Every structure is written in C-alpha cells, then in structure tokens.
Amino acid sequence: MTALVDEELLERAPHDTNLPRVTPHSTAEITSHLRTPHTLWCPGCSNGIVTRALIDAVLTLDLDLDRTCLIAGIGCAGRITAYINWSTVHTAHGRALTVATGAKAADPGLNVIVVMGDGDCVAIGGNHLIHAARRNIDVTAIVFNNSIYGMTGGQMSPTTFEGDLSTTSAYGNVEQAFDICELARAAGATYVARGTSYNYLRLSQLIAGGIAHKGFSFIEAMVACPTYYGRQNGFSDPAEMLKVQKARAVPVAEFDRDGPRLRDRYPVGVLHHAERVEYTAAYADVVRRAGERSRG
Amino acid sequence: MPQPRRLVEGNEAVAEGAIAAGARFFAGYPITPSTEIAEVLSRRLPQVGGHFMQMEDEIASIGAVIGASLAGAKALTATSGPGFSLMQESIGYASMAQVPCVIVDVMRGGPSTGLPTEPSQGDVMQARWGTHGEHSIIALVPSSVAECFTLTVEAFNLSEAYRTPVIVLSDATIGHMREAVALPLPEELRVAARGEPDVAPEDYDEVMSTVDNIMPRPALGSRYAVHVTGLVYDRRRGGVPATGTPAVADGLGRYLREKIYHHQDAICRVEELEMEDAEVAILAYGSVARSAKAAMKWARRQGVKVGLVRPITLWPFPTEAVEHMGDQVRTIIVPEMNLRQIAWEVQAAVAGRAKVVDHGRVDGKLIRPEEIAALIRDEFHYHHFEEMA
Amino acid sequence: MAEPTADDRAATRHEIRLSGSGGQGIILAATLLADAAVASGREVIGTQSYGPEARGGASKAEVIISDDEIDFPEVTAPVITVCLSQEAFDAYAPLTVPGGLVVYDERLVTAQPLVKAQPLEGLRLVGLPFTFLAETELGKAIAANIVMLGALQQLTGVIRADALEDAVRRRLPAKIVELNIRALKLGHDCAAQTERGPAAPRRRRVAAGRTGESGPA
C-alpha cells in the first residue's frame, strides 16, 4: 500500500489542519521564477493570481525544481508554460494529461504539474481527464475555470452555465454546465479540491495539498475572465467578479453534500480525499513480478 | 554466432526490434492488425524494466509516447489506419517540437473502418502529409519479418539522430506473417543513445542546433530547463514562443525540413536487384515488393531483362535513385495496394524520361506475381511491336 | 511467354493448407508444422485466418515450405490440404492443385457427396479417423490435430519425424508433451498402415476421387 501523502514533502511544510500552510513569498522571489514580465493575459484576468498561487505552493513544498515539470494544454491557461521558467511543456489542445501520464510513467520520480483550461480539460480533453483520474497516476492537475473560451474570443465551454451568453450562445446557453470536481471524483481522483482566485492563500494551500498528495490530484481554480465572460454576462469590473466569487463560494463543511452545485453557490475546499494505490507504484510491482517470471 | 532461426511473426519482430533498440516505453490502443505488438510489449517491456500502457485512445497513446520521450525514454506506439488518423495531430506536434519517437502503422484497407484484417498500402501519403502544415518526416517500409525487426531498430536510431518522429509502415500481410528468421544479437546492432546537449545547462538558452549538429533534447527532470511547445518558437532562447516574428518562423520552418532533407543520402535506403541491364523495372515496396520479386525472377527465367527497385525508406522519397531509374530503363511498373499514391512520386521523379505504368489494388488482396508478370509481358510486346513497325 | 504458375515459381515450394473449425487446434498444428520445417533448415512462411474470419466457425492456417527464398507469401496452389470439418472440406478440398493430396478426418467429413457432384480429378484423397483415434487411444479428442500431424508427416515426408517431435517438445507445456508424442506416433502408424494397402476395418479409405497414386509435388 502506498502512502496517501508524500510524508517527506509534508514535513517540509508546516501543517494547517491537514493541508500545508503556505507562506507567501516576496514578489521578487516569485518573479525570479518567470521567464518574462509580459503575458498575453488581459488586464483583470485571474490567471496571474493562480500562477502566483502555484509558484507559492511549489516553493513552500521546497520541490526540487530540476525534477519538477509543468505541462499544459492550449488556451489562455496553457500559456503559463511560456511564463514559468521551470521545465515546461506546452502540449496540443486537450492533450496535457496524456503527455503528463507518459512523462510520469517513464520517470516516476518527476513532480508533474498539469495546467488546463476548462475547455481544454473537459471538452476536448475530457476523455483523458477521466482516465488519468481512473488510473490514479501521481499528477497534480489544476484547471483554470473561467467558464468561457478566452483565447478564441468568448465562445461557450462545458462549464458555461445555463442561460449565459457567449459568442456561440447568443440566445443563452441551453446546455447544463459540468461540475468538474464531481466528474473527477466519480472517475477516481483521490484528491479533489476547489478554490477561488479571490481567496489566494486558500487556493495556494489547496494546490500544495494536491502536490503533496500521492495519487491523482485535481484542483479547480475559479478564475474571472472579465474580457470575454464578464462583458457578455453583465460584469463590468474585474474586482466585482472576484467579490462575486467570494459570495458564491461556500466552505465545504457548510455545504449540503446532496445539494446541487449552482452558479450562485458552490463548495470550496478539499471536496474529496481518498486512499488508493497509485498507478506508478502499482506498475513498479508489475516490473518486479515480470522480472521474477522472466528469471525463473 | 547469430540467434538460431525460429518462426517469428512480423508484429512480434517489431516488438522485439523496439526492445533491442532500447525502447522502454509503449503506449497504445488495441486495433487490428497491429494489436500483437502491444500484446508482446505488455509482456516484454516490464521484463526489461520498461513501461507498457494501454491508453484510452490513440490520441492519448501518442501523447503519452511524446511525454515519455520528453522524460528521456525511447518510446513507441503501434496502430493501424483509423488510429493513425487520430494520431496525426500529435505527430505534427512531435515534428514541430522535435520529439524523437516511433509510430508503427500496420496498414489495413480503408478509408474508415474499411477492411480491418486485410492488407493495404493506403496510408503511404498519410504518413507523409497526414498532419497539417509544412513538415518533414521519415518513414520506413519493411518487406519481411526480418526487416520488421531491423527497421524498427533503424527507426529509433533515425528518430534520435534527427530528433523527429519516424514512422514504420508495415501492413496486415507483413505484420501477421510468420517467417523463419535468425534475429540479430544485441552486439550485432548499432543502437543510438539519446545523450545530452554538448553545452552547459546555463548556456543552453543561447545555442541552436544546426543541420550538421542536431543536439539531443535534454530530458525533463535533467539539469536543463527546457520549454517544449507546438507554437512557432525561437530555437535559440530555450524554445519560447515567437509567433510574432516572421523571420523566426521562417527559420524554424526551413530548419525542420532541412534537418531531414540535408541528410537524405544517409537516410534513404533502396534495394536494387538486377538493374544493371534492365530494360523494364518494377518499383515496389513493403509486402508488394515480394510479389514484384517473384515476377522479376519469372521474367528473368524467360530471358526478359527486368529489374526491381525497392524503397526501404519511403519518406523522404528516394528521388535520386528513382531519377536514375529514368535513365536506366524505358518503363517503370509501380504496383501498389492503393491507387497511384507512389506512382505519382515516381512520375514526378523520372519527369517523362521513362514510362510509368501504375497498377493498383484496393480490394484488400495482396497483388499477385501474375498481375505484375502480365504487365511485364505487355511491356515487351509493345516494345517488339514498335520495332516491327 | 507464359503466365507464371505455381510450378514455375519454385519447384521445391510446398503450399500446405490446414482447415477445420475453431477449437480444433488448427493454428497450433500449423505452427508445429512450420517449426519442424524451420528446424530442418528450410524456408518457411506461415499465415492464418484473422479477425471475424477466425472468430466464426471456420479456422484456416497455411504454411509454405521451400528450399528457395519464398517471395509471394500467400498460398495460391496448395499441394496438401487438410480438412478437419465438412465445411472446410467443401470449401478447400476442390482448391487443391491437381496431383495434390487431401487429408481429412473420416469421422467428421463425408467426402462422397462433393466428390460425386464435383469430381476432384487428379487428387489423392485420404480419410483417416484422427478424432476417433485421439479419443479411443489417448482419451483426448483434442489431440486429434497432433494425430493428424503425425499422419501428414508419414504421408508426405515434407518434414522430418524427429523435427516434428522436437517442435512438440519445444512448443507444448511439459506435462502434455508425452501424450502428444504418442499422438504423433498414432497418426504416423495409422497413415503407414493405410499406405501399405488393405485398410484395417476401422480405417476406411475413400477412393472415389482418386485417379492415381501421384502424391504431392
């Protein structure tokens, strides 16, 4: 049986409840992990907040950065790979988890962090998400969920809520939005969390918890896209969109488990935490048994 | 002292060739007629400390292969037409991002689900141009079980040397055929190692491969910080996106082509038989080359001067060798299990200096020696008729 | 110039087709046959039916054995056809080249109707009780395919008996090797007896299609 949590990593991060306590690093220290001060993210976009939360989480856990890689798909979120100066892979649209799976399987000692957008992760990459979760491979997947396709200019995504306007739902979206966390949990992810870009420290802590967890960790980061989601759906101000996140987010302990997750009310925190044998550990056992059989 | 001769299936030989080439990662999805490659590797890879994965589809399979290769492992996948189509997006990615990997396509009748258990050569152009955008590719075509082994080893060597995806184009006949072969021993093989770039990690951002010095990509998790992307990138600055600079895009695009075509002489392998005095030649590849060889032997027994040219490397197309054929013979017969895909290439290469006779089959049946013999006979009749007139 | 024929392609080329139903061990028999030929230093190619064809009732495996390089890998002119089911006999016996040999399980195949409707000119037809022998002598009907191989070896000489025995020892699990060696011997003896002349009462030779004693090429 493999450990639920990588004890060595957790020891380096003081506990707060059962998650690592994240100490924010200075801006100078954070920016030393960036390749460039320029991004193509719009003013008011929350992607920068989550990027910083990720860097804070990784620095808090004191990961060996030579042994850490960041793998992302295509979309606004995927561009993170061009900005963070660790080893990064900007894959094809929807395929980040497949590349991450191959990298982790080939070198189980790598710390593999995956960043995806909502369309990237659950539309074109949905099949890969459920199978990565099913395998329980030790990868930390972070979805930047802005409920819209930003890079292509504001089309509806699988997390766009019913009634929402987008450039491809001019009369209001008629499709039900995915609850990605429920999807990941049902598919077998052993660590599932949701945080908001409003609550920075908590988000960073949830990411750190996911990285420290041995198994498939899934973190949904609620991010605001004022340019394409906000403008089309009645938000004029990025700050207002963050405040709305605060109003809608309900700590998981206070959320009715059986109640539906709605646009206006959703649980945040660690939503699911389970112990199950991790994929590369299970395969190491296959290698051991195959070796024994071929020898004798 | 080679290994003893034994009965080996084509697909099994591909799997053993991959192990011998140092492949330690396979990801794939079951599909006839390639499945035996996955089955053999699921048993063999863990025996040598490697890793086998059955993925959710072919898209995931090639993605995982790219990930494993980036992490430093020699990696392959195997599929057939429908799966090969699904992989095209990421074959383009591997081409653009210069990720060494091997894709084995055991061709079957198509398009679509087509003829799942019957042979075809319908994917030869897809191997060349299946992914979008200007790119170069290497494709090797085995004609025997022994070549399934040796060309898989060669595919890995080429993919490492030129940092490119390499395609092995087998087919249902070759893949499912069992043949008596003595597979080479490890010490008889040349196996390329991945290696590291010949610069220090801190200088890595400032160097650029040239066509004569293609540096290996350092592995994820090594001391080198790399950025891998499918966007147009600056080859010097650690590969960061440079989509706004046409000159950078142009330089990258031309480099990706030239790093292969500059080495055409080393990459292109062609087998020539009885070409010294040939008046008519057959150009055939893969399983069809076997029928062509039988027809050529028959023709020679009749005293008719027929030769055979068999491209082992199909891409880059061995243009020089085929150009030369245009000066050697008056007619080139191109039998293939598709309708003119390679015949067009031959026609372009000989540029009217020899007549090109194409013969295609798309019914899932291997072209028979008799069919090629009939074309040879027609050619010589025509010749005599001309002389009499 | 004539069209190439099977004879033209290689005088030493033996194309052998084994056919029957799924579960009769047709593919294994072909593998053992091919193995034995490889051990004798000959060129060998083996193919078998795949996919839906293999999953249906019918099973077919083909072996080409030659002293020369084998170019065209498919069987087009079988000189030896083995049929372990009626369906297989009806489909493949008529495809055997003139002068060729058709061996079938006489308890599973009725040769007469087909032979009457479509005389198998120039073929040597040999019916032997493979399944019956396997059942009564070995207590394992499933070994009929190996009994057949023993008979085929005796009838054709296309492979050596010791090479076939070695193939059985190499390919099969140790605990069933001896049983299968006995199966080979059983088939061998049964065929030898048939060839020697008057058939033993339980072995009936169907001669309706016989036009001569010509064996396989």
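Residues numbered from 1 in each chain as written. Chains lettered and ligands numbered in written order. Predicted model: local features only at pLDDT ≥ 70, side-chain atom pairs only at ≥ 80, totals over all residues.

K.L.:
It is not clear to me how the interface of chain B and chain A should be interpreted in this structure. Could you clarify?
P.N.:
Accessible area lost when the parts come together is the quantity often used to give the size of an interface. Each partner contributes to the interface: chain B provides 36 residues, whereas chain A provides 34 residues. In terms of residue count, the dominant contributor to the side of chain B that touches chain A is helix α3 (residues 58-70) of chain B (nine residues). The residue inventory of the side of chain B that touches chain A, partitioned by class, reads 21 nonpolar, eleven polar and four charged. With three bridges joining them, strand β4 (residues 87-90) of chain A and strand β10 (residues 227-229) of chain B adopt parallel strand pairing. Note that in β10 of chain B the partner of T88 of chain A across the bridge is H227 of chain B. (Contact = placed C-beta atoms within 7 Å. Helix = DSSP H or I, 4+ residues; strand = E, 2+ residues; numbered from the N terminus. Nonpolar A, V, L, I, M, F, W, Y, C, P; charged D, E, K, R; others polar. Pairing = 2+ DSSP bridges.)

K.L.:
Any chance you could explain helix α10 (residues 287-301) of chain B here in plain terms?
P.N.:
Three- or four-residue spacings in an α-helix give side chains the same orientation, since the helix completes a turn every 3.6 residues. Residue and element names in this part refer to chain B. Helix length check: α10, at 15 residues, gives a terminal C-alpha distance of 22 Å against a target of 21 Å (1.5 Å per residue), a fit within 8%. Most of α10 sits inside the fold, with 13 of its 15 residues counted as buried. Of the residues flanking the end of α10, it is G303, one or two places downstream, whose phi is positive at about 85°. (Expected span 1.5 Å × (residues − 1). Buried ≥ 20, exposed ≤ 12 C-beta atoms within 10 Å, placed from the backbone.)

K.L.:
Just checking my understanding: could you explain helix α11 (residues 319-328) of chain B for this structure?
P.N.:
Residue and element names in this part refer to chain B. Buried residues of α11: V322, M325 and G326, and no others. All buried residues of α11 project into a common sector of 105° when viewed along the axis, lining one side. What points out from α11, more than 90 degrees from its buried face, is the exposed set E320 and D327. Where α11 is buried, its residues meet β12 (280-283), β13 (306-311), β15 (331-336) and α12 (341-350). (Arc of directions from axis to C-beta.)

K.L.:
Before we go on, may I ask you to explain the environment of K355 of chain B in this structure?
P.N.:
Residues and elements named next belong to chain B. Tracing the chain through its elements places K355 in strand β16 (residues 355-360). For K355, a count of 16 C-beta atoms within 10 Å corresponds to the partly exposed category. Sequence spacing of K355 and V14 is 341 residues, and the spatial spacing of their C-alpha atoms is 36 Å. Leaving out residues up to four positions away in the same chain, K355 has contacts with R330 and T331.

K.L.:
Would you explain the domain arrangement of chain B in this entry?
P.N.:
Considered domain by domain, chain B is made up of domain 1 (6-188), domain 2 (201-264) and domain 3 (271-388). Here the C-alpha centroids of domain 2 of chain B and domain 3 of chain B sit 41 Å apart. (Domains from an automatic or database assignment.)

K.L.:
In this structure, what is going on with the pairing of strand β6 (residues 115-119) of chain B? I would like to understand it.
P.N.:
Note on strand geometry: in a regular strand, side chains alternate between the two faces of the sheet. Residues and elements named next belong to chain B. Of the strand pairs in this sheet, strand β5 (residues 101-109) and β6 are connected by two bridges, and their pairing is antiparallel. What sits directly across from G109, in β6, is L115. In sequence, β5 turns back onto β6 through a hairpin of five residues, with S112 there showing a positive phi of about 60°.

K.L.:
What should I look at first to understand the sheet that holds strand β11 (residues 270-273) of chain B in this one?
P.N.:
What holds strands together in a sheet is hydrogen bonding between their backbones, with the strands either parallel or antiparallel. Residue and element names in this part refer to chain B. Reading across from one edge, β11-β13-β12-β15-β16 is the order of the five strands in this open sheet, with mixed pairing throughout. Both outer strands of the open sheet, β11 and β16, are each paired with one neighbouring strand and no more. Between one strand axis and the next, the sheet turns through 20° on average, direction left out of account. Strands in contact with α12 are β12, β15 and β16; relative to β15, the strand with the most contacts, it is inclined by about 160°. (Axes fitted to C-alpha atoms, helices over the stretch in contact; angles between N-to-C directions.)

K.L.:
What is the right way to look at the packing of helix α5 (residues 96-106) of chain A against helix α7 (residues 126-135) of chain A in this model?
P.N.:
Working note: a packed helix pair is described by the angle between its axes plus the distance between those axes. Residues and elements named next belong to chain A. Look at α5 against α7: their axes get within 8 Å of each other, and the N-to-C directions meet at 35°. Taking contact as the criterion, the partners of L97, T98 and T101 in α5 are, on α7, H128, L129 and A132. When its residues are assigned to classes, the contact of α5 with α7 shows three nonpolar, three polar and no charged.

K.L.:
Hey, could you run me through the sheet that holds strand β4 (residues 80-83) of chain C in this one?
P.N.:
Within the open sheet, the eight strands sit side by side as β1(B)-β9(B)-β2(C)-β3(C)-β1(C)-β4(C)-β5(C)-β6(C). Their pairing is mixed. The outermost strands of the open sheet, each flanked by one partner alone, are β1 (6-9) of chain B together with β6 (124-128) of chain C. Neighbour-to-neighbour, the strand axes of this sheet turn through a mean angle of 20°, independent of strand direction. As judged from the four bridges shared by β1 of chain B and strand β9 (residues 178-181) of chain B, these two strands associate in the antiparallel manner. Residue pairing in the sheet places E9 of chain B in a bridge with R178 of chain B of β9 of chain B.

K.L.:
Can you walk me through the interface of chain B and chain C in this structure?
P.N.:
Of the residues lining the interface, 25 residues belong to chain B; the matching set on chain C comes to 21 residues. Contributions of two or more residues to the side of chain B that touches chain C are made by β1, β6, α7 (172-176), β9, α10 and α13 (369-388) of chain B. Among the elements that line the side of chain B that touches chain C, the one with the most residues is α10 of chain B, at five residues. Per-class residue counts for the side of chain B that touches chain C are ten nonpolar, six polar and nine charged. Here two bridges tie β9 of chain B to strand β2 (residues 43-48) of chain C, and the two strands are oriented antiparallel to one another. If you follow R178 of chain B over to β2 of chain C, its bridge partner there is G46 of chain C.

K.L.:
Can you walk me through the packing of helix α2 (residues 26-39) of chain C against helix α8 (residues 161-171) of chain C in this structure?
P.N.:
All names here are of chain C. At a closest axis distance of 8 Å, the pairing of α2 and α8 adopts a crossing angle of 120°. If you check the angle between α2 and α8, you find them oblique. Remark: the crossing between α2 and α8 carries right-handed chirality. Here α2 contributes T31, L32, D35, A36 and A39 to the contact with α8, which in turn contributes A163, L164, D166, A167, V168, R170 and R171. (Parallel < 35°, antiparallel > 145°, perpendicular 65-115°, else oblique. Left-handed = near helix turned anticlockwise from the far one by under 90°.)

K.L.:
Explain the arrangement of the chains here, please?
P.N.:
Across the two pairs of chains that are in contact, the largest number of contacts falls between chains A and B. Chain C makes no contact with chain A, the minimum C-alpha separation between the two being 15 Å.

K.L.:
How should the environment of T81 of chain C be read in this particular structure?
P.N.:
Secondary-structure assignment places T81 of chain C in strand β4. Residues T81 of chain C and G57 of chain C lie 24 residues apart in sequence; the distance between their C-alpha atoms is 18 Å.

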